[in-house]
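# Observations on the model geometry
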Amino acid sequence: MDIMLFHSTYGLRPAVHAAAARLRAAGHEVYVPDLFDGRTFETVEEGMAFKDEVGKDELLRRAVLAAAPYSERGLVYAGFSFGASTAQTLALGDEKARGLLLLHGTSDIAENASVDELPVQLHVADPDPFETHDWLNSWYLQMQRTGADVEVYRYPGAGHLFTDPDLPDYDAAAAELTWKVALGFLATL
């Protein structure tokens, strides 16, 4: 399986490379573009400020350019938080997308978005300050309306980016369960 894995607003940090290595060890080809041109951040606020400075359109352009050489193969789009939002946007716009793996984040859905039973799996903290219950309920219904086949896994008590061992949000048990379920999901695609 070819996987396009997008980083969070912290940038392309060691945890993203470790996730890519885990996916490769399971037999997947993984591409990890750096949408921030080498910049990484110590806090989510710094990363969000940089993301806003570069702009949503430019970051989406970079993501599309990164995915374009591989999209004919039928990519699985994946990402962490902001990267999940990016992955979702690309997957809903790519008719050859084979799946969507969202870790810690979602995005708005265009009204005219339509997919043909795209497999989607979301892993999110419960509660999550960036992904509230009301938002997730609405997101789930909208994703189903697009034609996606959606699974949501919530992790009570975990922090937002609970799969990153270098951040205070890290939750080892939730992270291991996430990877076990996600690898099972990818094996079905």
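Whatever comes next refers back to the structure up there.
All values reported here derive from a predicted model rather than from experimental measurement. (Residues numbered from 1 in each chain as written. Predicted model: local features only at pLDDT ≥ 70, side-chain atom pairs only at ≥ 80, totals over all residues. Heavy atoms only, no water.)

Each helix and strand counted, the protein has six helices and six strands in total. Across the protein, helices and strands are ordered from the amino to the carboxyl terminus as β-α-β-α-α-β-α-β-β-α-β-α. For 189 residues, the compact-globule estimate of 2.2 N^0.38 gives 16 Å, and the C-alpha radius of gyration of the protein, at 15 Å, lies within 12% of that figure. For the C-alpha atoms alone, the extent of the protein along its principal axes is close to 40 × 35 × 35 Å. Here the analysis covers contacts within the protein between residues at least 6 apart in sequence; of these, 63% occur between residues at least 24 apart. Entry remark: accessible area of the protein is about 8,900 Å², with carbon and sulfur atoms responsible for 49%. Charge separation in the protein, taken as the distance between the mean sites of 14 positive and 29 negative side-chain charges, equals 4 Å. (Helix = DSSP H or I, 4+ residues; strand = E, 2+ residues; numbered from the N terminus. Rg over C-alpha atoms; globule rule 2.2 N^0.38 Å. Contact = heavy atoms within 4.5 Å. Areas by Shrake-Rupley, 256 points an atom, 1.4 Å probe, with all protein chains shown as cover. Lys, Arg positive; Asp, Glu negative; His and termini not counted. Charge placed at Lys NZ, Arg CZ, Asp CG, Glu CD.)

By the element assignment, Pro-33 lies in the loop between strand 2 (29-31) and helix 2 (44-54). C-alpha of Pro-33 to C-alpha of Leu-12: the two residues are 21 residues apart in sequence and 8.1 Å apart in space. Ignoring any residue separated from it by four or fewer positions in sequence, one finds Pro-33 in contact with Met-4, Leu-5, Phe-6, His-7, Leu-12 and Ala-66.

Moving on: the layout of surface pockets. Quantified by volume, the largest pocket comes out at close to 540 Å³. Along the wall of the largest pocket there are 24 residues; nearest its centre are Lys-51, Phe-82, Ser-85, Thr-106 and Ser-107. For the lining of the largest pocket, the elements supplying multiple residues, two or more each, are helix 2, helix 3 (56-67) and helix 4 (82-93). Ranked by residues supplied to the lining of the largest pocket, first place goes to helix 4 with four residues. A breakdown of the residues in the lining of the largest pocket according to their chemical character gives nine nonpolar, eleven polar and four charged. (1 Å grid on protein atoms, 1.4 Å probe; cavity = no way out; pocket = protein on both sides within 12 Å on 5 of 7 lines; lining within 4 Å. Points joined across faces, edges and corners; volume = space filled by probe spheres on them. Nonpolar A, V, L, I, M, F, W, Y, C, P; charged D, E, K, R; others polar.)

When helix 2 is considered as a whole, its buried residues turn out to be Val-44, Gly-47 and Phe-50. The buried residues of helix 2 occupy an angular sector of 125 degrees when the element is viewed end-on, so they sit on one face. Residues of helix 2 that are exposed and point more than 90 degrees away from the buried face comprise Glu-45, Asp-52 and Glu-53. Looking one or two residues past helix 2, Gly-55 carries a phi angle of roughly 100 degrees, positive in sign. (Buried < 20%, exposed > 50% of the residue type's maximum accessible area, 1.4 Å probe, protein only. Arc of directions from axis to C-beta.)

Before going further, it helps to examine the sheet that holds strand 5 (residues 119-126). Read from one edge to the other, the open sheet built from six strands follows the order 2-1-3-4-5-6, with strand pairing classed as parallel. On the outer flanks of this sheet lie strand 2 and strand 6 (149-156), each paired with one strand and no other. Within this sheet the neighbouring strands show an average axis-to-axis angle of 15 degrees, counted without direction. Strand direction decides the pairing type here: strand 1 (residues 2-6) and strand 3 (residues 76-80), joined by four bridges, are parallel. Residue pairing in the sheet places Met-4 in a bridge with Tyr-77 of strand 3. Along the sheet, helix 1 (residues 14-25) contacts strand 1, strand 2 and strand 3; its crossing angle with strand 1, the most-contacted strand, is approximately 165 degrees. Lying over the sheet, helix 5 (residues 133-146) contacts strand 4 (99-103), strand 5 and strand 6, oriented at roughly 165 degrees with respect to strand 6. (Pairing = 2+ DSSP bridges. Axes fitted to C-alpha atoms, helices over the stretch in contact; angles between N-to-C directions.)

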